[in-house]
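Residues per chain are reported as follows:
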Amino acid sequence: MASDRIFGLVVIAVALAFIASALAMQTSFLTDPVGSKTFPLIIGGVALLASFVVVLKPDADPVWPGVETFLRLGFALSVLIGYAYALKPMGFLIPTAIAAGVLSYQITPRRGPALLTGLGLSGGLYVLFKFGLGLGLVGLPKAIFG
Amino acid sequence: MELLSNLGLGFSVALTPLSLFLAVVGCFMGTIIGALPGLGPSNGVAILIPLSFSLGLDATSALVLLTSVYYGAMYGGRISSILLNIPGDEPALMTTLDGYPMAKAGRAGDALVLSGVASFVGGFFATIGLMVLAPLLARAAYFFGPSEYFALYLLAFTTLGGITSKNQAKALIAACIGLGIAMIGLDNTTGMPRFTFGNLHLMDGVDFLVAIVGLFAIAEVFFFIESHGLNSAIGVKVDKVTIPLRDIIKSGWTMARSTVIGFLAGVLPGAGASLGSFMAYAAEKSIAGPSGSFGKGDPRGIAAPEAGNNAAAAGALVPMLTLGVPGSGTTAVLLALLMTLNITPGPTLFADKPEVVWGLIASLFIANVVLLIMNVPMVKIFVKILSVPAWVLLPGVTMISFVGIYSLTGSYFDLLLMIAFGAAGYFLRKLEVPTVPIIMGILLGGHMEDSLRRSMVISGGDWTHLFNSSISIGLWVAAIGGLVAPLFLRRLVKRPVPHAMDLED
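Residues numbered from 1 in each chain as written. Chains lettered and ligands numbered in written order. Predicted model: local features only at pLDDT ≥ 70, side-chain atom pairs only at ≥ 80, totals over all residues. Heavy atoms only, no water.

Details of helix 16 (residues 354–375) of chain B
Turning to step 1, where the next piece is worked out: Look at helix 16 of chain B: 31 Å from first C-alpha to last across 22 residues, which is about the 32 Å you get at 1.5 Å a residue.
Turning to step 2, where the next piece is worked out: With 17 of 22 residues buried, helix 16 of chain B is to be regarded as a mostly interior element. (Helix = DSSP H or I, 4+ residues; strand = E, 2+ residues; numbered from the N terminus. Expected span 1.5 Å × (residues − 1). Buried < 20%, exposed > 50% of the residue type's maximum accessible area, 1.4 Å probe, protein only.)

Details of unusual backbone geometry
Residues and elements named next belong to chain B.
Turning to step 1, where the next piece is worked out: Residues other than glycine seldom take positive phi values, yet Asn-342 does so here, at roughly 65°.
Turning to step 2, where the next piece is worked out: By secondary structure assignment, the location of Asn-342 is in the loop between helix 14 (329–340) and helix 15 (347–352).
Turning to step 3, where the next piece is worked out: For Glu-432, which is not glycine, the phi torsion reads 60° and is therefore positive.

Topic: helix 12 (residues 299–315) of chain B
Residue and element names in this part refer to chain B.
Turning to step 1, where the next piece is worked out: Under the 1.5 Å per step criterion, the end-to-end length of helix 12 is 24 Å for 17 residues, consistent within 8% with the ideal 24 Å.
Turning to step 2, where the next piece is worked out: Counting buried positions over the 17 residues of helix 12 gives 17, a clear majority of the element.
Turning to step 3, where the next piece is worked out: At the N-terminal boundary of helix 12, the capping side chain belongs to Asp-298, with an oxygen 2.8 Å from the backbone nitrogen of Arg-300. (Polar contact = N/O pair within 3.5 Å; in protein donor to acceptor, adjacent residues only side chain to side chain.)

Focus: the interface of chain B and chain A
Turning to step 1, where the next piece is worked out: Between chain B and chain A, the contact holds 65 residues from the first and 64 residues from the second.
Turning to step 2, where the next piece is worked out: Taking both sides of the interface into account, the surface hidden between chain B and chain A amounts to around 5500 Å²; carbon and sulfur atoms contribute 81%.
Turning to step 3, where the next piece is worked out: Looking at the side of chain B facing chain A, the largest losses of area belong to Ile-225, Trp-391 and Met-399 of chain B, adding up to 14% of the total buried there.
Turning to step 4, where the next piece is worked out: For the pair chain B and chain A, the interface holds two salt bridges.
Turning to step 5, where the next piece is worked out: When the shortest N-O distance is used, the salt bridge between Lys-170 of chain B and Asp-59 of chain A registers 2.9 Å.
Turning to step 6, where the next piece is worked out: Where the side of chain B that touches chain A is concerned, the elements lending two or more residues are helix 3 (41–54), helix 7 (168–182), strand 2 (193–194), helix 8 (208–227), helix 18 (390–409), helix 19 (412–430) and helix 20 (436–459) of chain B. (Contact = heavy atoms within 4.5 Å. Buried area = accessible area lost by both parts, 1.4 Å probe. Salt bridge = Lys/Arg side-chain N within 4 Å of Asp/Glu carboxyl O.)

Some remarks on the side chain of Ser-451 of chain B
Residue and element names in this part refer to chain B.
Turning to step 1, where the next piece is worked out: Among the secondary structure elements, Ser-451 is positioned in helix 20.
Turning to step 2, where the next piece is worked out: On the accessibility criterion, Ser-451 (5% relative accessible area) is buried.
Turning to step 3, where the next piece is worked out: Leaving out residues up to four positions away in the same chain, Ser-451 has contacts with Pro-146, Tyr-149, Phe-150 and Tyr-153.

Looking at the pattern of salt bridges
All names here are of chain B.
Turning to step 1, where the next piece is worked out: Overall, the coordinates contain 12 salt bridges over all chains when judged by the stated rule.
Turning to step 2, where the next piece is worked out: Between Glu-284 and Arg-257 there is a salt bridge, with its nearest N and O atoms 2.8 Å apart. Of this pair, Glu-284 sits in helix 11 (residues 273–288) while Arg-257 sits in helix 10 (residues 252–267); the two residues are 27 residues apart in sequence, bridging distant segments of the chain.
Turning to step 3, where the next piece is worked out: You can call Glu-284 buried: its relative accessible area is 2%.
Turning to step 4, where the next piece is worked out: Judged by its relative accessible area of 32%, Arg-257 falls in the partly exposed class.
Turning to step 5, where the next piece is worked out: Salt-bridge contacts for Glu-449 lead to Arg-453; the nearest nitrogen and oxygen are separated by 3.0 Å. Here Glu-449 and its partner Arg-453 are both found in helix 20, four residues apart, which amounts to about one turn of the helix.

Here it is, written out as structure tokens:
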């Protein structure tokens, strides 16, 4: 109940922002009968209507995980974000080993297998992508080799 | 005769050593992807698109590879249904109902072989149906102008929301999210930026591959972290694999009927394989009546959904190829593939690029035969692979997704966007908001708006032009009916759902 109501309200807010942004859009001198605004306005309107329905007739709540699980999910999320930033400057091997190992540990918390998964995936996928499939991956940080 | 010569052209494309090799590789990978719980055809094909693209495969080869993966995943889904009582993907859900009881009764091998044969029958004959129906529909599609296309896109969204989801309002919201995302970037007609908030990365819009991989693959990782990767131990033993001829013969008619039902369900835009397997199972159950032991390991209860979902997989390609409107999540992903390869599906595809269409159809036949061989004598190999633990599998999937998207665009911004889609996908699926309409919205949003605007240019801004032909009126009626009818039908038809599953097909 509550989850759907919150979701519906969030969608209403986003839809209103979308509509406002569409109305504020600059138009060009090149226009057609419909213009750049109309279709986004229709989308925003339909979303608004549908989210009112969700707010008024919410489904039963899903089973949300506990605080601890949410923290772990948040941690996994930040590891992925860090990985995205690290991939270019740090090369493929080191960030991949860390990210894969951490994810593995998050799924099943055992140190040994997680370490092996990280190292194995990093090395194995590098060989597969670089030599098997011929993708242009950079293995190690450029700084090491100058 | 024209059909045969076209098919000959197709086989001349598909029987080259490279294509055959790709078909075998694709079938093998697809079966594994389908068999692993949590990875279905949509996420399997989704993570492979960027890779096949950066490998530099030409259009036909990439299509052969990925449709083999698609068919393979449809076959593979049944393995975990039967052995783990967890569907590998949503269409394989119905197979758990009789597959797992049969396996528990010590007939796991028989169940695997029977379902493999049923998958073959469904897939093979439905591919013949595709071959016959698609060119006819492509011819009819020449009568489609912009206003008809607009109504058709609408139909795809409403049937997707109506038939396959539990809550129409949420499906509509999902479609709007997708369409809204499609609006980001430069406006095609006027060249003005829309919804970019001054961010240069957003000028080109949001790449649908980023969204697909995020919503399908990355979101799955969060689910596995939440569940601690439980539920992946094989509960039953596979002793020896024999061919249960009696069961196969006994379920012959079941397979035939289910193929027809599944194919028709697949052709409906927005319905897809899940509906096909569900309807086939329900029909067989009512035909068998009290004489059947459905739900307790009836062989027909395995043959029906498997023939049905594989037939639907082929059927779903009909609207995708001829009209450019996908019938399911996975065909939406295949549509994304075609668009990445600069192939515009639609009636002109059959005239302009016959080698692509017929090569694809020929490779579907080849894939079916390869899959029959892989899935009957070699089924034990896949049973072994099923025991890959989640704590290796999921990090692997994540890393492959990252490399795929990164090698496609080389931009960290797209990786961040992919992660954002993954996190959003987690919450949306928790709230039972379907993610397939989002993908369809991103894919079709631009086309839908273009057809609306073109139709208005033709009529000079007269909105009644949208209803000017009998085709478009029919499509509008069907679209509204597709959205409203399930509200009433839902009371009549109750889905027998053993698990709370919300994977896409």
